[in-house]
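# Breakdown of the fold
Chain by chain, the residues run as shown.
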Amino acid sequence: MPPAAAFIGLLMIRILLLISILLPAASGFGQSKADVELAPTPPMGWMTWNYFGDNINEQVLREMADAIVASGMVNAGYRYLMIDDGWQGGRDNKNNIIPDPKKFPSGIKALADYVHSRGMKLGIYSDAAPLTCAGYTASLNFEEQDAKTFASWGVDYLKYDYCHAPKDAESAKIRYRKMADALRRSGSIVFSVCEWGERKPWLWAANVGGHLWRTTFDVRDKWQRKSGETDGEGLMDILDVNAELHQFSGPGRWNDPDMLIVGLYGKKGPSGDLGGVGCNDTEYQSNMSLWSIMAAPLIATNDVRSMNRETKRILLNAEVIAVNQDALGKQGERKIKNDIWNVFVKPLANGDVAVAILNRSESNRTFSLSWKELGLAGSFEMRDLWEHKIIGRSERWNGNVKSHETKLFRLKRTK
Ligand code: GLA
């Protein structure tokens, strides 16, 4: 081959290589069809952290899987049983990560098999540093090996935390991409980015292989930070961050405002510190309504083995879950925002629209709202998704909303 032809040939190869690297990033969020298919709707499940902290073991997890099945939660969509921090027992003499032999004497594969046999999927946890947030063995520099191990156990989901890692966004992108690539080579594993929104992951996490990303610090079991309190996120503190990020969310790439606190009632666990004194059922119902209209992952954390009727009613409301899991995958947009009222609007796949009306104030109030104010021209049949009934056909709604209550309606255009 003449030198000029060889040079052109080499140049072409280089250009093709560059295109293949840049192409995924150029396609919006850089996600393949396979990525979208791994989390086409917000992941739903139950996670150990808020209630148990690192005080977990295989017995508790099996009991929880049984309770999730028996309570109807699996059928309602809560498919993932997620082990958070505290399962790890170091590495063996070949550097394979191993579970704590006292907590998980039968190993994680046996647990995954059990969970799968119950129609569920298994999630696990690690961190992009040598140690996790609670000080257990983590995955930095063992990404390939750990991804293979997780896949060999049958793990379906990985939450990847960011304690003890560098502050800057570039390092985070590199560390998350490294694990995402390793997971992709090992199997089909949903990848949950958990750096608490500090480096604006909504701008880059989908590009590096994340399917969801935490937008805030850890939720506590409380409504809102009190004035003067600087730590401990309550539901309203988290809402105010997550609501502003609606344009970054969609199928395969979800904003994650952290786990549900429904049914915790001030339990002294990780969600009970920093002012986590507990909420009432009206507030827990708002948690469910608001997370649903924001297309957030629905990850329960209460003790499913002993749920009361209210907690069941809230977590198992199929009409509310349908709003969250709607195939269009739009995060509801906050169209009205003042100290008293927040109103969210979420378009749904069949042309209906979900509307959430939150009373943030400390007193019960009446509200009058024309759908036109939300950009919805025309008349609508209104279904109350908590009352489970059609409440009228109109161009507007007037009614009472209790302090901290969220009404959730499904509107169907009638003309
Ligand atoms: C961080 C995460 C929590 C939980 C703990 C575990 O704080 O944000 O969700 O995973 O670590 O140590």
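Values in this document were obtained by computation on a predicted structure and should not be read as measured data.

What follows is about the overall build of the protein. Of the regular secondary structure elements, the protein holds 12 helices and 18 strands. For a compact globule of 415 residues, the expected C-alpha radius of gyration is about 22 Å, and the protein comes in at 23 Å, within 12% of that figure. The dimensions of the protein, computed from C-alpha atoms along their principal axes, are 75 × 60 × 45 Å. Per-residue burial over the protein gives 55% buried out of 415 residues. Look at the contacts in the protein between residues 6 or more apart in sequence, and 69% of them connect residues 24 or more apart.

So, about the packing of helix α4 (residues 58-70) against helix α6 (residues 107-117). It is at 10 Å that the axes of α4 and α6 come closest, and there the two elements cross at 10°. One element, α4, and the other, α6, form an angle in the roughly parallel class. Here E58, L61, R62, A65 and D66 of α4 come into contact with α6, specifically with G107, A110, L111 and Y114. Partitioned by chemical class, the residues of the contact of α4 with α6 number 5 nonpolar, 1 polar and 3 charged.

Now for the site of the ligand. Residues in contact with the ligand amount to 13 residues; listed here are only the nearest, D84, D85, K159, D161 and D218. D84 is positioned such that a nitrogen or oxygen atom in its side chain is 2.7 Å from an oxygen atom of the ligand. Taking D85, its side chain carries an N or O atom lying 2.8 Å from an oxygen atom of the ligand. In isolation the ligand offers 310 Å² of accessible surface; the protein chains occlude 93% of this area. Of the residues that constitute the shell around the ligand, the class distribution is 7 nonpolar, no polar and 6 charged.

A separate point is the packing of aromatic side chains. Taken as a whole and judged by the stated rule, the model has 15 aromatic pairs. Between Y265 and Y284, the ring centres sit 5.3 Å apart and the planes meet at 85°, which makes this aromatic pair edge-to-face. With Y265 in the loop between β9 (254-256) and α10 (281-293) and Y284 in helix α10, this residue pair connects regions lying 19 residues apart in the sequence. Between R62 and the ring centre of Y114, over which it is positioned, the NZ or CZ distance is 4.5 Å.

We now examine the nonpolar core. Counting 91 residues, the largest nonpolar core has Y78, L81, I83, W87 and M288 as its most contacted members. When near neighbours in sequence (up to four residues on either side) are disregarded, I83 contacts T48, I56, L61, F104, I108, L111, L122, G123, I124 and Y125. Residues V353, L376, F380 and F409 belong to the second largest nonpolar core, which totals 18 residues.

If you trace the 6 strands from one edge of the open sheet to the other, you get β11-β12-β13-β18-β15-β16, paired in antiparallel fashion. This sheet does not close on itself; its edge strands, each paired only once, are β11 (333-337) and β16 (389-394). Neighbour to neighbour, the strand axes of the sheet diverge by 25° on average, direction disregarded. In this sheet, strand β18 (residues 406-413) lies alongside strand β15 (residues 380-384) in antiparallel orientation, the contact comprising 5 bridges. Bridge assignment links F380 to a residue of β18, and that residue is R413. Running at roughly 40° to β18, α10 makes contact with β12 (341-347), β13 (353-359) and β18 of the sheet.

Scanning all chains against the criterion turns up 1 disulfide. C133 shares a disulfide with C163; S-S distance 2.0 Å. The S-S bond linking C133 to C163 shows a torsion near 95°; that makes this disulfide right-handed. A residue pair is termed long-range when its members are at least 10 positions apart, and C133 in the loop between β5 (121-127) and α7 (143-153) and C163 in the loop between β6 (157-161) and α8 (169-186) qualify at 30 residues. Unpaired in this structure, C194 has its nearest cysteine sulfur neighbour in C133, at a distance of 6.7 Å.

Taken as a whole and assessed by the stated rule, the structure comprises 1 cavity of 30 Å³ or more. Of the pockets and cavities examined, the largest cavity occupies roughly 50 Å³. Surrounding the largest cavity, M47, Y157, K159, S192, C194, R214, D256, D258, M259 and I299 form its lining. Only β6 and β7 (190-194) provide two or more residues apiece to the lining of the largest cavity.

Moving on, we get to α4. The periodicity of an α-helix, 3.6 residues per turn, causes residues three or four places apart in sequence to face the same way. An ideal rise of 1.5 Å per residue puts 18 Å on 13 residues; α4 measures up with 18 Å between its terminal C-alpha atoms. Those residues of α4 lying buried are E58, V60, L61, M64, A65, A67 and I68. Among the structural elements, β1 (44-47), α3 (49-52), α5 (73-76), β2 (80-82) and α6 are those in contact with the buried residues of α4. Near the N-terminus of α4, the side chain that reaches the backbone nitrogen of Q59, with its oxygen 2.9 Å away, is that of N57.

To continue, consider the sheet that holds β7. A sheet is described by the order of its strands in space; here 8 strands give the open sequence β9-β8-β7-β6-β5-β2-β1-β10, paired in parallel fashion. The open sheet has two free edges, formed respectively by β9 and β10 (298-300), since each of these has just one partner strand. If you compare each strand with its neighbour and ignore which way they point, the axes differ by 25° on average. Two elements, β1 and β2, share 3 bridges in a ladder whose sense is parallel. Bridge pairing links W46 to L81 in β2. Against the sheet, α6 engages β2 and β5, with an angle of about 145° to β5.

Attention now goes to the pattern of salt bridges. Inspection of the entire model under this criterion finds 30 salt bridges. The salt bridge involving D113 is made with K109; its shortest N-O contact spans 3.1 Å. Here K109 and D113 lie together in helix α6, a separation of 4 residues that amounts to about one turn. According to the relative accessible area criterion, D113 is partly exposed, its value standing at 38%. Among the salt bridges present, the one from K222 reaches E229, with a minimum N-O distance of 3.1 Å. Judged by relative accessible area, which is 3%, K222 ranks as buried. A residue is classified by how much of its surface remains accessible, and E229, at 30% relative accessible area, is partly exposed. One continuous salt-bridge network, built from bridges that share partners, spans D240, E244, R334, K337 and R360.

Thresholds applied
- Residues numbered from 1 in each chain as written.
- Predicted model: local features only at pLDDT ≥ 70, side-chain atom pairs only at ≥ 80, totals over all residues.
- Heavy atoms only, no water.
- Helix = DSSP H or I, 4+ residues; strand = E, 2+ residues; numbered from the N terminus.
- Rg over C-alpha atoms; globule rule 2.2 N^0.38 Å.
- Buried < 20%, exposed > 50% of the residue type's maximum accessible area, 1.4 Å probe, protein only.
- Contact = heavy atoms within 4.5 Å.
- Axes fitted to C-alpha atoms, helices over the stretch in contact; angles between N-to-C directions.
- Parallel < 35°, antiparallel > 145°, perpendicular 65-115°, else oblique.
- Nonpolar A, V, L, I, M, F, W, Y, C, P; charged D, E, K, R; others polar.
- Near = heavy atom within 4 Å.
- Polar contact = N/O pair within 3.5 Å; in protein donor to acceptor, adjacent residues only side chain to side chain.
- Areas by Shrake-Rupley, 256 points an atom, 1.4 Å probe, with all protein chains shown as cover.
- Phe/Tyr/Trp six-rings, centres within 6.5 Å; stacked < 30°, edge-to-face > 60°.
- Lys NZ or Arg CZ within 6 Å of the ring centre and 35° of its normal.
- Core = buried A, V, L, I, M, F, W, Y, C linked by side-chain atoms within 4.5 Å.
- Pairing = 2+ DSSP bridges.
- Disulfide = S-S within 2.5 Å.
- 1 Å grid on protein atoms, 1.4 Å probe; cavity = no way out; pocket = protein on both sides within 12 Å on 5 of 7 lines; lining within 4 Å.
- Points joined across faces, edges and corners; volume = space filled by probe spheres on them.
- Expected span 1.5 Å × (residues − 1).
- Salt bridge = Lys/Arg side-chain N within 4 Å of Asp/Glu carboxyl O.

Structural measurements only, silent on function.
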